[in-house]
Amino acid sequence: VASGGTEADLTNPDGDGKNYHKHTFTANGTLTVSVPGYAKCLIVGRGSSGYAGNKGSGGRVFEGLLYLPAGSHTITVPGSGTNVDGYGSGIGTVMWVGSVKPSPSDGSGAGYMTGSGTTGWTSTISGSSVTYAAATGTSTNPGDGGPNSGFVQGGIVIVRYEV
């Protein structure tokens, strides 16, 4: 029902007996939807580098069901970088999550559409449990905030639907 990104089939990833197809975007691209419908989506923006000796903030996160109309949807995924501010990710005009900026104190991890805490957002949409957009200062997963003037991870967009 759709094409684009890195595609994979997931067999019973949630233990509910259902199988899914997913599209993963770690860079800008296009999702072409041939059959409109609802899909579970994870959209994670790029984290930000810290400053003034503090760690940066995790990117903003959205995870939930979105209606994807038929047609081509531009996927925006900001890349990784050193000493950069956060930047949002999105699926065309369907959903956009905004960017984050570093703060003068240790940054915060992302929450569901709002930032709070350092732990980030844990999701199983990819077929395994991954924590995104944490303010760990070590920058290892998509959307993680980095150390003072350091490297941060870019965003990610994952679209998953039942087959």
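Residues numbered from 1 in each chain as written. Predicted model: local features only at pLDDT ≥ 70, side-chain atom pairs only at ≥ 80, totals over all residues. Heavy atoms only, no water.

Student: Any details on the sheet that holds strand β4 (residues 29-33)? Residues and values, ideally.
Tutor: Spatial ordering of the open sheet is given by β1-β4-β7-β9-β10, a layout of five strands whose pairing is antiparallel. Each of the sheet's edge strands pairs with one partner strand only, and the pair in question is β1 (2-3) and β10 (95-97). As defined by bridge partners, β1 adjoins β4 across two bridges and the pair is classed as antiparallel. Opposite A2, over in β4, you have V33 as the bridge partner. (Pairing = 2+ DSSP bridges. Helix = DSSP H or I, 4+ residues; strand = E, 2+ residues; numbered from the N terminus.)

Student: Can you break down the pairing of strand β3 (residues 19-25) residue by residue, with the values?
Tutor: Most of β3 sits out of view: six of its seven residues are buried. With six bridges connecting them, strand β2 (residues 6-11) and β3 associate as antiparallel partners. By the bridge assignment, D9 is partnered in β3 with H21. Inspection of the sheet shows β3 paired to strand β14 (residues 156-162) by six bridges, in the antiparallel sense. By the bridge assignment, K22 is partnered in β14 with R160. (Buried < 20%, exposed > 50% of the residue type's maximum accessible area, 1.4 Å probe, protein only.)

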